[in-house]
Amino acid sequence: MTTQIKSRAQYLEEYAASVNDPEAFWRKEAETFKWQQPFDAVVDWDFRELNVKWFLNGKLNITENCLDRHIENRGDQLALIWEPNGADEASKGYTYKELLAEVNRCANGLKSKGVQKGDRVIFYMPMIPELAIAVLACARIGAIHSVVFAGFSAQALTDRVDDAEAKMIICADYNRRGYKNIPVKQVVDEAMDIGCNSVESVLVFKNTGDEVNWSDDVDCWWSDIVTDQSDICRPEIMDSEDVLFILYTSGSTGKPKGVVHTCGGYMVYTCYSFRNVFQYQEGDIYWCTADIGWITGHSYILYGPLLAGATSMMFEGVPTYPDAGRFWAICEKHRVNQFYTAPTAIRALMARGDEWPAKYDLSALKVLGSVGEPINEEAWHWYNDKIGKGKAPIVDTWWQTETGGIMLSPLPHITDTKPTYAGYPLPGIQPVLVNSDGKILNDNNVEGLLCIKFPWPSMIRTTYGDHNRCKEVYFSMFDNLYFTGDGARRDEDGRIRVIGRVDDVINVSGHRMGTAEVENAINEQESVIESAVVGYPHPIKGQGIYAFIISSAKKLDDELKLEICKTVSKEIGPIAKPDCIQFVDGLPKTRSGKIMRRILRKIASDDDAHLGDISTLLNPDIVELIKKGAIRR
Ligand code: WTA
């Protein structure tokens, strides 16, 4: 097993070692895994040309490390616990032995449909065990998985399938979420109608058994393909730098990009970070509430915990079904020891009142995690006091789809916590703050742009099909640095607080969205001439979406707003629907025609008393008009 830090002194020692001799540091951690063939160099990197390789020429299979490796010592220990949507339904557990058998059966099923090493498989699934099983089955045979969050629309699904040129889609008939029964097979059917020409088969898991449309040419049932397969499947031998998965995420421009992660480095870092950040001990029950459609679910429901031999729980439903006590009921029921969720969920549950957590026995909790967006002070204290009772430290974990694993976080019971601060870097992570000229700010008590100056094993390797884009977005802003897109401040003791994005990415309920992406969707509504989207502070979601829209429609009314929201739902999904729509006659632009978002952000945020100098705008008069019509909350 990778090192588990036990004291502050050890943290400081490990950190220093990781900076002074990164190769020796990571060699030691990597050697704790099972390699089919040892790697012959630790790292080879060049940020300028963007070439990063870890554990060169090592051969491995990540599922052998997640599963087979544990059979001898913990074969009968639970690997996964699944908590269903309905509170009165039975939960389900899979021991490491059982999970391995299921993964192998599924892997053989995928092979029988012609899926081979290097093929891309897209997932559009609910949070059921079969999602975990099939993802691992892909990794078993070297197929590249790309999980699409099942809240995305048919169009968004098609975009991802087409970009990845996927051979197969795996979905369920219906997804259950709270009271809803969502026809996801139907969404896949629509996606297949719009595009998805590369797809040869759609593998459907019968989740609810409700009726679906069927096309014998492509559709096949899980039960026909998987269930009767052998439970033995030799793991495909992968190179450290073979692609493990693609995960699509939004940036400030263009369509979502496919972040590429590879086998060796991702394996080493997710296990290392999991064991340290959550201080997982034998017998603990660990629960991360994320959806596997996001990176948090990949790294900290599946890979990290399984690599560490943990018992990891996954939950099908939503925090407020059947009532606002569900999370806490589950914590009590399974005696959860480490609980990892997002600020938006904490704020939503906090708003329902203290009586909900008070009803349940939360005494098993030892560590509370937060991820996805900055956690505000009020939510931090509520989480700390009402859920952790002051005894379970909050690990405010900062990281990104691109980083693959947690980068900044307190180590619970080891380093201190400070409200709203993600704190110190994990060993191996070298963050720096730079000013807008790219000058590294060495002092404490400064604010700047967050960059990373040395590679780490689970970092993004490329964006699928477009290496240049990756280089441009992350490595060309500042010389020889990875740029995160976030602004941050460092306090007098060196702790880091991540304030939020400095680019045109907004974070709505922990979901990343590009403003350009939302604008493009809005512009698809036929009356829309032009639009500009900005984020504004939202009490529950963290950020809300505010859209300024020029429309040619005769009636600029609520009905039109509804139409626009429908269009956005169709293009991206309901998560991207604007919270506020303001119809305007024009947008403030610079003389070169660029929209002045700074001004719009201030108006949307109700913070437009001092807009600064606007006289250089092409159309300064429009600003007063927009201010007058602004939606105030
Ligand atoms: C934001 C999620 C403040 C940040 C793992 C980052 C955070 C983006 C935190 C990545 C945190 C994530 N404090 N901000 N603890 N965690 N963020 O790719 O802006 O979905 O750039 O990865 O979320 O979002 P992503």
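Residues numbered from 1 in each chain as written. Predicted model: local features only at pLDDT ≥ 70, side-chain atom pairs only at ≥ 80, totals over all residues. Heavy atoms only, no water.

Visitor: Can you walk me through the overall build of the protein chain in this structure?
Guide: Helix and strand content of the protein chain: 19 helices and 31 strands. Over its C-alpha atoms the protein chain spans a radius of gyration of 24 Å, differing by no more than 12% from the 26 Å that the globule rule assigns to 633 residues. Taking the principal axes of its C-alpha atoms as reference, the protein chain extends roughly 75 × 60 × 55 Å. When each of the 633 residues of the protein chain is scored for burial, the buried share is 62%. In the protein chain, once contacts between residues fewer than 6 apart in sequence are set aside, the share between residues at least 24 apart is 72%. Roughly 23900 Å² of accessible area belongs to the protein chain as shown, and the carbon and sulfur atoms make up 47% of that amount. Where the 69 positive side-chain charges of the protein chain centre and where its 88 negative ones centre are 3 Å apart. (Helix = DSSP H or I, 4+ residues; strand = E, 2+ residues; numbered from the N terminus. Rg over C-alpha atoms; globule rule 2.2 N^0.38 Å. Buried < 20%, exposed > 50% of the residue type's maximum accessible area, 1.4 Å probe, protein only. Contact = heavy atoms within 4.5 Å. Areas by Shrake-Rupley, 256 points an atom, 1.4 Å probe, with all protein chains shown as cover. Lys, Arg positive; Asp, Glu negative; His and termini not counted. Charge placed at Lys NZ, Arg CZ, Asp CG, Glu CD.)

Visitor: I would appreciate a short explanation of the sheet that holds strand β5 (residues 92-95) in the present structure.
Guide: One key point about sheets: their strands pair by backbone hydrogen bonds, in either a parallel or an antiparallel sense. With respect to topology, 7 strands assemble into an open sheet ordered β5-β4-β17-β16-β18-β19-β20, the strand pairing being mixed. The outermost strands of the open sheet, each flanked by one partner alone, are β5 and β20 (394-397). Here the average twist between neighbouring strands, direction ignored, is 20 degrees. Where strand β4 (residues 78-83) meets strand β17 (residues 311-315), 4 bridges bridge the pair, whose relative direction is parallel. Bridge pairing in β17 places isoleucine 81 opposite methionine 313. Helix α5 (residues 129-141) contacts β4, β5 and β17 of the sheet and is inclined by roughly 25 degrees relative to β5. (Pairing = 2+ DSSP bridges. Axes fitted to C-alpha atoms, helices over the stretch in contact; angles between N-to-C directions.)

Visitor: Would you mind showing me how to read the site of the ligand here?
Guide: In the region of the ligand, 17 residues are neighbours, and Asp396, Thr397, Thr401, Asp486 and Arg512 sit closest. At 3.1 Å from an oxygen atom of the ligand is found a main-chain nitrogen or oxygen belonging to glycine 372. Out of a free accessible area of 530 Å², the ligand has 96% covered by protein chains. Elements supplying a minimum of two residues to the shell around the ligand: α10 (295-307), β20 and β26 (496-501). The residue makeup of the shell around the ligand, split by class, is 6 nonpolar, 6 polar and 5 charged. (Near = heavy atom within 4 Å. Polar contact = N/O pair within 3.5 Å; in protein donor to acceptor, adjacent residues only side chain to side chain. Nonpolar A, V, L, I, M, F, W, Y, C, P; charged D, E, K, R; others polar.)

Visitor: Whenever I open this one, the packing of aromatic side chains confuses me. Can you help?
Guide: Any pair of aromatic rings gets described here by the distance separating the centres and the angle formed by the planes. For the coordinates displayed, the defined rule picks out 44 aromatic pairs. With a centroid separation of 4.9 Å and 85 degrees between ring planes, the pair formed by phenylalanine 25 and tryptophan 26 is classed as edge-to-face. Each member of the pair phenylalanine 25 and tryptophan 26 is classed as buried. Through successive ring pairs, a cluster of aromatic residues spans Phe25, Trp26, Trp35, Phe39, Trp54, Phe55, Tyr269 and Tyr272. Taking the ring centre of tryptophan 221 as reference, the NZ or CZ of lysine 206 above it sits at 4.7 Å. Over the ring of tyrosine 421 we find lysine 418; its NZ or CZ atom is 4.4 Å from the centre of that ring. (Phe/Tyr/Trp six-rings, centres within 6.5 Å; stacked < 30°, edge-to-face > 60°. Lys NZ or Arg CZ within 6 Å of the ring centre and 35° of its normal.)

Visitor: Quick question: what am I supposed to make of the state of the cysteines here?
Guide: Note on terminology: disulfide describes a covalent bond linking the sulfur atoms of two cysteines. Under the definition given, this model contains 0 disulfides. The thiol sulfur of cysteine 271 is not disulfide-bonded, and the nearest other cysteine sulfur, from cysteine 66, lies at 8.7 Å. Cysteine 470 takes part in no disulfide bond, and the closest cysteine sulfur, belonging to cysteine 451, lies 14 Å away. Since its relative accessible area comes to 0%, cysteine 470 is described here as buried. (Disulfide = S-S within 2.5 Å.)

Visitor: When you look at the nonpolar core in this model, what are you seeing that I'm missing?
Guide: Burial of nonpolar side chains together is a common tendency in soluble globular proteins. Among the nonpolar cores identified, the biggest contains 118 residues, and Leu99, Leu110, Phe123, Phe278 and Tyr303 are the most heavily contacted of them. Residue contributions to this core peak at 10 residues, all from α5. Core analysis: the next-biggest nonpolar cluster, separate from the first, contains 48 residues, Ala166, Ile169, Tyr248 and Leu560 among them. (Core = buried A, V, L, I, M, F, W, Y, C linked by side-chain atoms within 4.5 Å.)

Visitor: How should α5 be read in this particular structure?
Guide: The α-helix winds at 3.6 residues per turn, so residues separated by three or four positions along the chain end up facing the same way. Its 13 residues give α5 an end-to-end C-alpha distance of 19 Å, which sits within 8% of 18 Å, the value for a rise of 1.5 Å per residue. With respect to burial, α5 is a largely interior element, 13 of its 13 residues being buried. Directly after α5, the chain includes glycine 142, whose backbone phi takes a positive value near 80 degrees. (Expected span 1.5 Å × (residues − 1).)

Visitor: Explain the environment of threonine 158 here, please?
Guide: In this fold, threonine 158 is placed in helix α6 (residues 154-164). Take threonine 158: its relative accessible area is 2%, and that puts it in the buried class. Residues threonine 158 and asparagine 197, 39 residues apart in the sequence, show an inter-C-alpha distance of 9.5 Å. With residues up to four places along the chain from it excluded, the contact list for threonine 158 reads Ala191, Ile194, Gly195 and Cys196. Only 2.7 Å separates the side chain of threonine 158 from the backbone oxygen of alanine 154, close enough to count as a polar contact.

Visitor: Help me understand the packing of helix α4 (residues 96-112) against α5, please; the structure alone is not making it clear to me.
Guide: How two helices pack is summed up by the angle between their axes together with the distance between the axes. Remark: α4 packs on α5, axes separated minimally by 8 Å, with the N-to-C direction vectors making an angle of 65 degrees. Compared by their axis directions, α4 and α5 come out roughly perpendicular. By crossing handedness, the relation of α4 to α5 is classed as right-handed. For the pair α4 and α5, contact is made by Leu99, Leu100, Glu102, Val103, Asn104, Cys106, Ala107, Leu110 and Lys111 and by Ile133, Ala134, Leu136, Ala137, Cys138, Arg140 and Ile141, respectively. Among the residues forming the contact of α4 with α5, the class breakdown is 12 nonpolar, 1 polar and 3 charged. (Parallel < 35°, antiparallel > 145°, perpendicular 65-115°, else oblique. Left-handed = near helix turned anticlockwise from the far one by under 90°.)

Visitor: Hey, could you run me through the pairing of strand β11 (residues 201-205) in this one?
Guide: Successive side chains on a regular strand alternate, one facing one side of the sheet and the next facing the other. With 5 of its 5 residues buried, β11 lies for the most part within the structure. Residue alternation in β11 divides its side chains into two sets, Ser201, Leu203 and Phe205 and Val202 and Val204, and both sets are buried. Both strand β8 (residues 168-172) and β11 contribute to a ladder of 5 bridges, which runs parallel. Of the residues in β11, the one forming a bridge with alanine 172 is phenylalanine 205. Looking at chain direction, β11 and strand β12 (residues 219-221) are connected through 3 bridges and run parallel.

Visitor: Explanation requested: helix α12 (residues 343-351) in the structure shown.
Guide: Across the 9 residues of α12, 7 count as buried, placing the element largely inside the fold. Residues of α12 that are buried: Pro343, Thr344, Ala345, Ile346, Arg347, Leu349 and Met350. Packed against the buried residues of α12 are α11 (326-334), β18 (338-341), β19 (367-371), α14 (377-387) and β30 (542-551). Count one or two residues on from α12 and you reach glycine 353, which has phi positive near 110 degrees.

Visitor: I tried to follow the side chain of threonine 484 on my own but got confused; where do I start?
Guide: With respect to the helices and strands, threonine 484 occurs in strand β25 (residues 482-490). A distance of 3.0 Å separates a polar side-chain atom of threonine 484 from the backbone nitrogen of aspartate 486. In contact with threonine 484, not counting residues within four places along its chain, are Trp398, Gln400, Leu450, Cys451, Ile452 and Arg501.

Visitor: Which parts of the structure should I look at to understand the side chain of histidine 334?
Guide: With respect to the helices and strands, the residue histidine 334 is situated in helix α11. Histidine 334 has contacts with Ile81, Glu83, Ser91, Ile285 and Met313, leaving out every residue within four places of it along the chain.

Just geometry here; none of it tells us what the structure is for.
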